[in-house]
Amino acid sequence: MTELPNARRSRVLLIGAATYEDDGWEDIPGVAHNLYELRNELLGHDEHGRSVPSRARLLESPGAEEMKGKIRSAAGAARDLLLVYFSGHGHLHLDTRDDTTELYLVPSDCPRERVWERAVSYTWLRNTVRSSRARQVVLILDCCYSGQAHQVEEPSQGAFALLTSARARDDQDQGNGVGPTPFTQALLVALRALRRDRGQRAIVSELHARLGELARRDRRRAEASELSHPNDWEPGLTERRGGGEIVLSHVTAPRGADLPDRLFAVWLRLRSAWWRFRAWRWWPAAAAGAVVLALLAASLPWLAWDRWQDGRAAADRCSVPLQLRVLTTPEYQRPLSRVLAAFDVDDLDEELRDRARSIGSGHEDCRRVEVQVYGAPGAAVVDAFEHSADWASPGRPCAEEEPAEPCRELLRDVGPLPDAWLPASSATAERARSATRLRASRVELGEPVEIARVPAVLAAAGPLPDVERTGESLVTLLEAAGDVRGAAPQSSEAALAHGMTAGPGRLPEPEPVPDDAALLCSLRPGGPSPHLLLSESAMLPLVGDPPAACLPEGGWRATMRDLYTAYYPSDVPPLDLSFVPVRWRDADRDAVERQLAVALLGAWLAGEAGGDALRAEGFRRWRDGGYLRAPEQFNERPFVADLPRGEDVADADRAAAYLATVTDEAGPRDVVFVLDVSNSVLGPDGRLSTVRESLRQAIGTLTDEDRFAVLTTPATGDAPYGVALDLGPPTDDRTARALDALTEVRGDVLLQEPMAEAAELLTAGQRPDAAGLLVVITDDGHLTDARAALAATREEDTTLVVSVLDGGCDRPVVQALTTAATCLDNAVNQPVELAAKLRVLGEG
Amino acid sequence: MRRGVPTAACALLLATACVAGGGSPPPITPGPTPPDDVPLVVVSALDLSSPDQSGVRQSLIDEWNEESPIKARLVELPSTDGDARAEVLAGLQSGAAEYDVLNLDITWIPEFVEAGLLRPLDEERFGALDFVADIEETGRWDDELYAVPFTTDVGLLYYRRDLTETVDLGADSLPEMYTGRPGGQSKPTYVTQLRPYEGLTVNVMEALWRAVPDARLVDDSGAYVGTTALLEAGLEELLAITDESHLAAASYGADESGTLEEFAGEDRGTALMRNWPFALNRVADRLVAEGVQFGVTRLPGPAALGGQNLAVAADSPRAEAAQELIRFLAGEPGSQERMLAAGFAPALAEAYQLPDGVGEIACEDGLRVETPEDPDPVSGRSEEAGEEPLWRPDPRAYATLLWCAVHEARGRPATPYYRQFSRVIEEEVTRLLAGGAGSAGGVEEAAQRIDGRLELALRGRTYQPSRSSLSPH
């Protein structure tokens, strides 16, 4: 039976910032409702289900010092449960010194500028509660970006649970102010429902599951009513050491006495009852009843023993393992299946092994996780992530406005929804990432972790004249080889790496095969034995064991085995086989266990045992001295054992830019540039040259099928913006006029106005097959009404915000505008980055 | 006086209550009921009966939608067995999947039940249905009905008459059939599914049953009861079947569709093929057009029983409607007869339309269905728009063959850890086959490893091979 917190030894602190002193922060009236309604529900009932007086301390619209002081006080006093709840504004800050992102909880006296100097960081909160002697700790955050808190990975001493309301990079709906905010309202609903349902105690994990159902319900309702900005809330949970089992609804009511006093009170009652029994004239009948009770008592040990036996049997029985789905490329499916067949939590360190035992139930030797590995070509996978809603809800009807387009059957045609993705290159993961940040996305991709490297090679059918096997450039090897064949770069990361290095138009047309595995299978006896551009791992089945089943048996296969040799171009970036955790938004029921299982799998692959298994299948791992080494089991004649470190892995934007030039994927686009021409951007301390070069290169990426327009803000007179150029083709004349529009104008910048005009321009000039792009170049737009600006944009358009400031993407308005967009700031080479982004954004 | 009720008695009762009480994992509760215009979602593996996926399952769903106020939508899963199972299981475990009716392989039922993912069915609604053989038992677990047979399946032996003139199709085993045909020919004798997936496990079990007809690896409680001697016998039989002078090498990378390509594909051909009933029409469409005659008969020795059952997801908010749909799909003779016409083996006995009942069917030796010398186009039946099939089997003859094959078939082990059981077989037998056939040491070592690993796997324990066994086999 789940243990209830002790009321006297627990501390509940409910913090709500409903009103703010700085006008830059909008008041949140719903927060006040949050505190008063939660007070009665959190630990609000005793073990008999009776309401008990609330022991929660409410902190309404506190300042920073008061907030910190009360948190410290509660942490210091708690011995059983410490529960801290915060509702108010959240803020993300990117620290460019170490490239870390921190979540801040904004107190009522925090200014709008330099928020991080006044607000309470999650790290501070986490460290403070960690120092508490409380046996169990629960943090509940109802604020924007609260999901960022889950990135803080720290071991906890006792049971810990963190429950959040929003995704890491998203703000959330505040509600209408009449009643609690949406997340807290759902929390209240869940608490009450669980409590009323057979008097069930609400534990953290059950609450999280219920919250997930309610979030889905809210999302469906919002879609049905076509709300323009239903930025939905989404519950997240991290728990450690049994934190999911912490009870939040019931508490043991405080007694007046400590344990010895209570025992003495029981003894007094027993003695009193005995004397009254002796005075009773019906005592013989009562004595007979007592005998019956005694017989029952005698049978208790047997009952308990039997029950204990059943319990042992149940504890010994293993639950069905948690099923993980791991997606990779077709050529890696078989070897990675063999690698992951060796996955064993016993290879991990002690803490991770202990955590693994929280998955499922049963004996400690039970198999907790089952892994299924499957493969799909990279282009199909990227497309599937871009249409994650179709992938995750295959039962949805097709869009009626596209009757000519068949319904996507991604589950059937690509494969299961992955829990982890192992692309051959992290650049492929980045291709999919921007789409997964859009509002409609149902999936989140974690950060790729490299687990192996695979060189991209030229598999030569016979020795190449006058070249070495290593140290030569790709161009030199191609000249020596003459005709070569490769797969499509959309799905073959090796072909992409070769193509990027050689440059557009330098390689022959790719074979009509989707990937390296299919390229291999296209070889046939009787035909020529071509030189191949592919990855070293994909070459293995041609020259090693096990052979590719698709290649015809017999002497021909043996000939191929002896014929091919790998040449290693020194300037082609190696492929970094990466581990990417994948989280699906509606997978709430076992989210804690599933994410833990994925993390364990990733830790195993990145560790020693995983490394050995990968090397046994021909993948390369860093070894002593930093050299890449091939596994000793393999025949080294076709391969080179030790390779110098060489090039770093492929840059994702470079890869995407090359892909756009060869695949012709980008359809016609209508691009509206909204340029901030205020003094802070173009004045003496501004970035005129950077903005000019960015605009020039951005227009330079447009093709004859594209159109662009330019709006400037502020404008002369009292106009909030001016239309410098209407939608039209990217001619030299129009490009020059666009650059001329970069003239400083003094005035306030209210981006919502030109962004609304941009939406109208795109609507008025709508072409059926053209994608809409909005490019906003500004510094921080701090006077902008971000919500109004977002509301003015069209769902179907892609918005790219470019800040000329270092760390500009961290500024509040820019962050708000990038909810459904990507963002660039001056921390990187902006003109080149902008051009690369534009090549791949807004694909028709 | 009420307060004087002896505290000891209260303590006793409380203790009894605690002892008598039990605990079990919290059941999955259904989500909120969607509006009526949201269709029931039926999830199923790819329908191999039709290469363009316009198969019989979809046509049955279409028929339901014409009559029912609550519509249904078919969602197809990945084509490979392992991927399909992983998706349905993980989708339901995580709560991301919103399925109502699940079309599950019969070997998956115990696992899904133990995971709490299936809702018990209403016995009264389905109890009167008469299924062929004992296949309704495949839908039961712990004496409760969780799934109803939709199709059954059984391994069959297909043969090309142009390549089997000297082959004794009535021989007791495949190696005996080989003796009628010289080895090493350009068109091999036999093709089957030996890729590392469930198809390989099926072949291994069939080899085991041929070698030891009453062999069991798992008892009724799910415990492992095999022995190394038993396993050695089965592996020896498998090695004899995979004699490289007779076996098509493509078998090592083939699934059901790949096998069919080897048997009937252009510029290919094998004399014999092991496959399921779905392959009949597809083989006919290929070979008859080329003037090649073929036939189908029972496998020598017990064949594996397959099939798919229909179940209701535990979290489906429309369980009643889902059961009605299942009743339509599985319980209507018309629906089942269409399965037979599409090549599947129906689950409902009535769909076979055989006279005289179970006890009267003569399952003779040599029971076969063959293409005639000059097959006439089947009038009034078209599989694809504008095309009529060149040949379809006589319904009664084919139904009789299937009936007999199903009744003689054997089920694979019923255990919640069936996936783990199959994985051990796949890994170890693949290793054995790659290491070179005919080595006594190889068979003995493989049998010992399988024996040790299965004992662990069938108790749900970890069963990884030792590090030394990791090799690029």
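Residues numbered from 1 in each chain as written. Chains lettered and ligands numbered in written order. Predicted model: local features only at pLDDT ≥ 70, side-chain atom pairs only at ≥ 80, totals over all residues. Heavy atoms only, no water.

Engineer: Which residues make up the overall build of chain B, and what values do they have?
Structural biologist: Tallying secondary structure elements over chain B gives 15 helices and 14 strands in all. Per-residue burial for chain B yields a buried fraction of 57% across its 473 residues. The long-range fraction of contacts in chain B, counting pairs at least 24 apart against all pairs at least 6 apart in sequence, stands at 76%. Of the roughly 18,800 Å² of accessible surface on chain B, 49% is carried by carbon and sulfur atoms. (Helix = DSSP H or I, 4+ residues; strand = E, 2+ residues; numbered from the N terminus. Buried < 20%, exposed > 50% of the residue type's maximum accessible area, 1.4 Å probe, protein only. Contact = heavy atoms within 4.5 Å. Areas by Shrake-Rupley, 256 points an atom, 1.4 Å probe, with all protein chains shown as cover.)

Engineer: Tell me about the packing of aromatic side chains, and please be specific about residues and values.
Structural biologist: Applying the stated rule across the entire model yields 14 aromatic pairs over all chains. Note on Phe385(A) and Trp421(A): the rings are 4.8 Å apart at their centroids and 45° apart in plane angle, and the pair reads as tilted. Of the two residues, Phe385(A) is situated in helix H10 (residues 378-386) and Trp421(A) in strand E12 (residues 420-422); the sequence distance between them amounts to 36 residues. Look at Phe385(A) and you get buried, because its relative accessible area is 0%. Look at Trp64(B) and Phe328(B): their rings are 5.7 Å apart centre to centre, the planes differ by 55°, and that puts the pair in the tilted class. Taken together, the positions of Trp64(B) in helix H2 (residues 56-67) and Phe328(B) in helix H11 (residues 319-331) put the pair 264 residues apart, joining distant regions of the chain. Note on accessibility: Trp64(B) and Phe328(B) belong to one class, buried. Here the aromatic cluster, defined as three or more aromatic residues joined through ring pairs, consists of Phe385(A), Trp391(A), Trp421(A) and Trp584(A). Over the aromatic face of Tyr197(B) sits the side chain of Arg195(B), whose NZ or CZ is 4.7 Å from the ring centroid. (Phe/Tyr/Trp six-rings, centres within 6.5 Å; stacked < 30°, edge-to-face > 60°. Lys NZ or Arg CZ within 6 Å of the ring centre and 35° of its normal.)

Engineer: Got a sec to walk through the packing of helix H9 (residues 256-264) of chain B against helix H10 (residues 279-287) of chain B? Specific residues and values, please.
Structural biologist: Residue and element names in this part refer to chain B. Across the interface, H9 lies against H10 with an axial gap of 10 Å and an inter-helix angle of 30°. In terms of orientation, H9 lies roughly parallel with respect to H10. Crossing hand, H9 versus H10: right-handed. The residues of H10 that touch H9, namely those facing Ser 257, Leu 260, Glu 261, Phe 263 and Ala 264, are Ala 279, Arg 282, Val 283, Arg 286 and Leu 287. Residues belonging to the contact of H9 with H10 are distributed by class as follows: six nonpolar, one polar and three charged. (Axes fitted to C-alpha atoms, helices over the stretch in contact; angles between N-to-C directions. Parallel < 35°, antiparallel > 145°, perpendicular 65-115°, else oblique. Left-handed = near helix turned anticlockwise from the far one by under 90°. Nonpolar A, V, L, I, M, F, W, Y, C, P; charged D, E, K, R; others polar.)

Engineer: With reference to specific residues and values, describe the state of the cysteines.
Structural biologist: Applying the stated rule across the entire model yields two disulfides over all chains. Sulfur-sulfur distance for the disulfide between Cys318(A) and Cys366(A) comes to 1.9 Å. What sets the handedness of the Cys318(A) and Cys366(A) disulfide is the S-S torsion sign, and at about -80° it is left-handed. With a gap of 48 residues between them, Cys318(A) in the loop between helix H7 (283-316) and strand E10 (322-328) and Cys366(A) in the loop between helix H9 (350-356) and strand E11 (369-375) connect regions that are remote in the sequence. Residues Cys318(A) and Cys366(A) agree in their burial class; the two are buried. In this model, Cys363(B) is linked to Cys404(B) through a disulfide, with the two sulfur atoms separated by 2.0 Å. What sets the handedness of the Cys363(B) and Cys404(B) disulfide is the S-S torsion sign, and at about -85° it is left-handed. (Disulfide = S-S within 2.5 Å.)

Engineer: Let's hear about the pairing of strand E7 (residues 136-142) of chain A: which residues, and what values?
Structural biologist: Residues and elements named next belong to chain A. Extensive coverage of E7 is indicated by the burial of seven of its seven residues. Covered by surrounding structure in E7 are Gln 136, Val 138, Ile 140 and Asp 142 together with Val 137, Leu 139 and Leu 141, the residues of both alternating faces. Across seven bridges, the pairing between strand E3 (residues 81-87) and E7 is parallel. Paired with Leu 81 across the two strands is Gln 136, which belongs to E7. Pairing between E7 and strand E8 (residues 159-164): six bridges, direction parallel. Bridging across to E8, Val 138 finds its partner in Ala 161. (Pairing = 2+ DSSP bridges.)

Engineer: Residues and numbers for the side chain of Glu409(A), please.
Structural biologist: Relative to the elements of secondary structure, Glu409(A) occurs in the loop between helix H11 (388-392) and helix H12 (410-413). For the buried residue Glu409(A), which engages in no salt bridge, the nearest side chain bearing the opposite charge is Arg73(B), 4.3 Å off. The contact partners of Glu409(A), leaving out residues within four places of it in the chain, are Val414(A) and Arg73(B). (Lys, Arg positive; Asp, Glu negative; His and termini not counted. Salt bridge = Lys/Arg side-chain N within 4 Å of Asp/Glu carboxyl O.)

Engineer: Mind laying out the side chain of Thr712(A), listing which residues take part and the relevant values?
Structural biologist: Residues and elements named next belong to chain A. Checked against the element boundaries, Thr 712 lands in strand E24 (residues 707-713). Note on Thr 712: relative accessible area 11%, which makes it buried. Among all residues touching Thr 712, those that are not within four sequence positions of it are Leu 675, Val 677, Tyr 721, Gly 722, Ala 724 and Ala 741.

Engineer: So, helix H19 (residues 591-606) of chain A: which residues are in play, and what are the values?
Structural biologist: Residue pairs spaced three or four apart in an α-helix point in one direction, given the helix's 3.6 residues per turn. Over its 16 residues, H19(A) extends 22 Å from the first C-alpha to the last, a length consistent with the 22 Å expected when each residue adds 1.5 Å. For H19(A), the full list of buried residues reads Ala591(A), Val592(A), Arg594(A), Leu596(A), Ala597(A), Val598(A), Leu600(A), Leu601(A), Gly602(A), Trp604(A) and Leu605(A). (Expected span 1.5 Å × (residues − 1).)

Engineer: Let's hear about the confidence of the model for chain A: which residues, and what values?
Structural biologist: When pLDDT is averaged across chain A, the result is 82; 84% of the residues are at 70 or more. Scored below 50 in pLDDT, residues 226-230 of chain A shows five contacts in the model against residues more than four places distant or in partner chains. (pLDDT = per-residue confidence, 0-100.)

Engineer: Describe in detail the confidence of the model for chain B, supporting the description with residues and values.
Structural biologist: All names here are of chain B. This prediction gives chain B a mean pLDDT of 83; 85% of its residues lie at or above 70. When the criterion is pLDDT under 50, residues 379-386 qualifies, and its contacts beyond four places in sequence or with other chains add up to eleven contacts. Across residues 466-473 the pLDDT falls below 50, and counting only partners more than four positions away or on other chains, this stretch makes 16 contacts in the model.

Engineer: So what about the packing of H2(B) against helix H12 (residues 333-341) of chain B? Which residues, and what values?
Structural biologist: Residues and elements named next belong to chain B. Contact geometry for H2 and H12: axes closest at 10 Å, N-to-C directions at 155°. When the axes of H2 and H12 are compared, the pair comes out roughly antiparallel. Crossing of H2 over H12 shows right-handed handedness. Listed contacts from H12 to Val 56, Ser 59, Leu 60 and Glu 63 of H2 are Ser 335, Arg 338 and Met 339.

Engineer: Lay out the environment of Asn203(B) in plain terms, naming residues and giving numbers.
Structural biologist: Residues and elements named next belong to chain B. Residue position: Asn 203 is located in helix H7 (residues 198-211). What makes Asn 203 buried here is its relative accessible area of 6%. In contact with Asn 203, other than residues within four places in its own chain, are Tyr 190, Thr 192, Gln 193, Leu 194, Leu 238 and Arg 274.

Engineer: Provide a residue-level description of the sheet that holds E7(A), including the pertinent values.
Structural biologist: All names here are of chain A. With mixed pairing, the six strands of this open sheet are ordered in space as E2-E1-E3-E7-E8-E9. The outermost strands of the open sheet, each flanked by one partner alone, are strand E2 (57-60) and strand E9 (236-240). If you compare each strand with its neighbour and ignore which way they point, the axes differ by 10° on average. Most of the contacts of helix H2 (residues 64-77) go to strand E1 (residues 11-16), to which it runs at about 165°, and overall it touches E1, E2 and E3. Sheet strands in contact with helix H3 (residues 122-130) are E3, E7 and E8, and its direction is about 160° off that of E7.

Engineer: Lay out the pattern of salt bridges with the relevant residues and their values.
Structural biologist: Within this structure, the stated rule accounts for 57 salt bridges over all chains. Where Arg412(B) meets Glu198(B), a salt bridge forms, and the shortest distance between an N and an O atom there is 2.7 Å. Taken together, the positions of Arg412(B) in the loop between helix H13 (395-408) and helix H14 (418-434) and Glu198(B) in helix H7 put the pair 214 residues apart, joining distant regions of the chain. Among the charged side chains, a network of salt bridges with common partners joins Arg167(A), Glu234(A), Glu444(A), Arg583(A) and Arg585(A).

Engineer: Residues and numbers for the environment of Val582(A), please.
Structural biologist: Residue and element names in this part refer to chain A. Topologically, Val 582 is positioned in strand E19 (residues 575-584). Along the backbone, Val 582 and Gln 595 are 13 residues apart, and their C-alpha atoms lie at a distance of 8.7 Å. Val 582 has contacts with Phe 385, Pro 418, Asp 419, Ala 420, Trp 421, Val 443, Glu 444 and Leu 445, leaving out every residue within four places of it along the chain.

Engineer: Give me the environment of Trp584(A): which residues, what numbers.
Structural biologist: All names here are of chain A. Here Trp 584 lies in strand E19. For Trp 584, a relative accessible area of 4% translates into the label buried. It is 8.7 Å that separates the C-alpha atoms of Trp 584 and Pro 418, two residues lying 166 residues apart in sequence. Sequence-distant contacts of Trp 584, that is, excluding residues within four places in its chain, are made with Phe 385, Ser 388, Trp 391, Ala 392, Leu 417, Pro 418, Arg 442 and Val 443. A distance of 2.8 Å separates the side chain of Trp 584 from the backbone oxygen of Pro 418, its partner in a polar contact. (Polar contact = N/O pair within 3.5 Å; in protein donor to acceptor, adjacent residues only side chain to side chain.)

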